[in-house]
Amino acid sequence: SVIFTIDKQFAMTGINRSFINRYNSDEIIGMNAFELIQEDEQTRVKEIIDRVFSDKQAESFTVRSSEVDPGRFYTVQAVPFIRNSAAEGLTLIATDITDKILAEERLKETNQRLHALAAHLQTIREEERTMISREIHDQLGQELTALKMDIAFLSRQIDKVKLSGKPDWNELQDGLKSMSDITDQTINSVRRIARELRPDVLDKLGLKDAIEWQAEEFTKRTGIDCIVSISQSELNFKHELENTVFRIVQESLTNVARHSGASRSKVGLSVNGSSIYLTIEDNGRGITPEEIDNAKSLGLVGIKERAYSVNGKLTINGQKDKGTILKIIIPIEQ
Ligand SMILES: Nc1ncnc2c1ncn2[C@@H]1O[C@H](COP(=O)(O)OP(=O)(O)O)[C@@H](O)[C@H]1O
Ligand SMILES: [Mg+2]
């Protein structure tokens, strides 16, 4: 601990060796003790010190240090020494608690991020439900309705045959052919919806092909060009790492589709030494600094969390009407 003594005018009268080491000086004798702490804390601390002098009772408090020793936090114990039943001076014992305070702040931030993320997961779940219900309603609903109409048509044909005794084989065959076609379409729709719900492309294709597949799907859906540039012909990372990279690409492309207004986009992936370099860029309107820092931007929060979970370094950069670029560097050795 740093220990020093002050008189009634708050002038420093003595210091210990830790004090000399920390402040790199012993010319402090005579200096006003308040110069050691932040200006906006001086009133509060002065009240406490005054009270210790008048009540002759030790007290402790926390302060931020001044520019003499910037950015540090201390708990200080102020102990009066008494002569002729009056406090003549104080001994102040200051313990550096900066690391503890910073750790607490980090913990608080992490907690806030976790809360935001939990809420985000809930939103995603809702969005997915909406997507599933829309797909089922629009796609399967429509195809099954068409099938039902064909069945009704065939049923009417059969009624006619019953009356006339003369079946029109061509019409019956056309009806069946149409039903068979619609059934094929429906099967494809079911496959597509299932695939979108749980993309197993990554397991099936591997990271490189999965990204290329994702980019093609993206272009098909949005009409936005997407160039994929992957330096290695084979990529083989741990599953968690591949999943993280793939999800970040997916989320970023979703943002390009939703927000950028871009006509072209690019996904780049390269391995250099022991790191993966991933970039996703577009030539759209450009994300703003406010949008990047918005704690409610949960898609981005998700991307940050994913990058963080594999010790990745993420930077996002937007240039007005030039585009947005997201860069992530991830160490391969986890
Ligand atoms: N590629 C981009 N181009 C322009 N703006 C973007 C881009 N990506 C994200 N943004 C902006 O950043 C915001 C936050 O993105 P995100 O966290 O994914 O939230 P969401 O997509 O749900 O709106 C978006 O609402 C949008 O305004
Ligand atoms: Mg988003």
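All figures in this text were calculated on a predicted structure; none of them were measured in a lab. (Residues numbered from 1 in each chain as written. Chains lettered and ligands numbered in written order. Predicted model: local features only at pLDDT ≥ 70, side-chain atom pairs only at ≥ 80, totals over all residues. Heavy atoms only, no water.)

K.L.:
Please clarify how the overall build of the protein should be interpreted in this entry.
P.N.:
When helices and strands are counted, the protein shows nine helices and 10 strands. For 334 residues, the compact-globule estimate of 2.2 N^0.38 gives 20 Å, and the protein exceeds it by more than 25% at 35 Å. For the protein, with 334 residues in total, the buried portion stands at 35%. Across the protein, the fraction of contacts at a sequence separation of at least 24, relative to all contacts at a separation of at least 6, is 55%. By element, 51% of the accessible surface of the protein is carried by carbon and sulfur atoms, the whole surface being about 20700 Å². Distance between charge centroids for the protein: 3 Å, based on 44 positive and 52 negative side chains. (Helix = DSSP H or I, 4+ residues; strand = E, 2+ residues; numbered from the N terminus. Rg over C-alpha atoms; globule rule 2.2 N^0.38 Å. Buried < 20%, exposed > 50% of the residue type's maximum accessible area, 1.4 Å probe, protein only. Contact = heavy atoms within 4.5 Å. Areas by Shrake-Rupley, 256 points an atom, 1.4 Å probe, with all protein chains shown as cover. Lys, Arg positive; Asp, Glu negative; His and termini not counted. Charge placed at Lys NZ, Arg CZ, Asp CG, Glu CD.)

K.L.:
When you look at the sheet that holds strand S2 (residues 12–15) in this model, what are you seeing that I'm missing?
P.N.:
Backbone hydrogen bonds are what pair the strands of a sheet, in a parallel or an antiparallel way. Pairing is antiparallel across the open sheet formed by five strands, whose spatial order is S2-S1-S5-S4-S3. Looking at the sheet topology across the chains shown, the edges are occupied by S2 and strand S3 (59–64). Ignoring strand direction, the axes of neighbouring strands in this sheet form an average angle of 25 degrees. Here strand S1 (residues 2–7) pairs with strand S5 (residues 86–96) via six bridges, running antiparallel. Bridged to Ile6 within S5 is Leu90. (Pairing = 2+ DSSP bridges. Axes fitted to C-alpha atoms, helices over the stretch in contact; angles between N-to-C directions.)

K.L.:
In this structure, what is going on with the packing of helix H3 (residues 98–164) against helix H9 (residues 298–309)? I would like to understand it.
P.N.:
Geometrically, a packed helix pair is captured by the angle between its two axes and the distance between the axes. Packing of H3 against H9 brings their axes to within 10 Å, and their N-to-C directions diverge by 120 degrees. Comparing their axes, H9 and H3 come out oblique. Here the hand of the crossing between H3 and H9 comes out left-handed. Here Arg113, Ala116, Leu117 and His120 of H3 lie close against H9, whose contacting residues are Leu298, Gly299, Val301, Gly302, Glu305 and Tyr308. Residue composition of the contact of H3 with H9, by class: five nonpolar, three polar and two charged. (Parallel < 35°, antiparallel > 145°, perpendicular 65-115°, else oblique. Left-handed = near helix turned anticlockwise from the far one by under 90°. Nonpolar A, V, L, I, M, F, W, Y, C, P; charged D, E, K, R; others polar.)

K.L.:
Just checking my understanding: could you explain the sheet that holds strand S9 (residues 313–319) for this structure?
P.N.:
Pairing within the open sheet is mixed, and its five strands lie in the order S6-S7-S8-S10-S9. With partners counted over all chains shown, the strands left at the sheet margins are strand S6 (225–230) and S9, one partner each. Strand-to-strand, the axes of this sheet are offset by a mean angle of 10 degrees, without reference to chain direction. Inspection of the sheet shows S6 paired to strand S7 (residues 264–272) by six bridges, in the parallel sense. Of the residues in S7, the one forming a bridge with Asp225 is Arg264.

K.L.:
I would appreciate a short explanation of the packing of helix H7 (residues 239–260) against H9 in the present structure.
P.N.:
Between H7 and H9, whose axes approach to 10 Å, the crossing angle comes to 160 degrees. With respect to H9, the element H7 is oriented roughly antiparallel. Note on packing geometry: the crossing formed by H7 with H9 is left-handed. Listed contacts from H9 to Glu240, Thr244, Arg247, Ile248, Glu251, Ser252 and Asn255 of H7 are Gly299, Leu300, Ile303, Arg306, Ala307 and Ser309. Its residues assigned to classes, the contact of H7 with H9 shows four nonpolar, five polar and four charged.

K.L.:
Would you mind going over the nonpolar core with me for this structure?
P.N.:
The nonpolar side chains of a soluble globular protein tend to be buried, and buried together. Leu207, Ile211, Leu269 and Leu278 are the most contacted members of the largest nonpolar core, which totals 35 residues. At the level of secondary structure, the elements contributing two or more residues to this core comprise helix H5 (201–205), helix H6 (207–222), S6, H7, S7, strand S8 (275–282), H9 and strand S10 (323–331). Of all the elements, H7 adds the most residues to this core, at seven residues. Leaving out residues up to four positions away in the same chain, Leu269 has contacts with Leu207, Ile211, Ser229, Ile230, Ser231, Leu235, Val245, Ile276, Tyr277 and Leu278. If you look at the next biggest cluster of nonpolar residues, it comprises 27 residues, including Met31, Leu36, Ile49 and Val63. (Core = buried A, V, L, I, M, F, W, Y, C linked by side-chain atoms within 4.5 Å.)

K.L.:
How should I be thinking about the domain arrangement of the protein in this particular structure?
P.N.:
Along its sequence, the protein is organised into domain 1 (2–96), domain 2 (101–197) and domain 3 (201–331). Using C-alpha coordinates to define each centre, domain 1 is positioned 73 Å away from domain 2. (Domains from an automatic or database assignment.)

K.L.:
Honestly, H9 in this entry has me stumped. Any pointers?
P.N.:
Since the α-helix advances by 3.6 residues per turn, residues separated by three or four positions end up pointing in the same direction. Given a rise of 1.5 Å per residue, 12 residues ought to cover 16 Å, and the 16 Å separating the end C-alpha atoms of H9 matches this to within 8%. Asn311, located one to two residues past H9, shows a positive phi value of around 60 degrees. (Expected span 1.5 Å × (residues − 1).)

K.L.:
I tried to follow the packing of aromatic side chains on my own but got confused; where do I start?
P.N.:
The way to describe two aromatic rings as a pair is by their centre distance and the angle between their planes. One pass over the full model with this rule turns up two aromatic pairs. Ring geometry for Phe10 versus Phe34: centroids 5.0 Å apart, planes at 85 degrees, classification edge-to-face. With Phe10 in the loop between S1 and S2 and Phe34 in the loop between helix H1 (17–23) and helix H2 (42–55), this residue pair connects regions lying 24 residues apart in the sequence. Residue classification places Phe34 among the buried positions, given a relative accessible area of 11%. (Phe/Tyr/Trp six-rings, centres within 6.5 Å; stacked < 30°, edge-to-face > 60°.)

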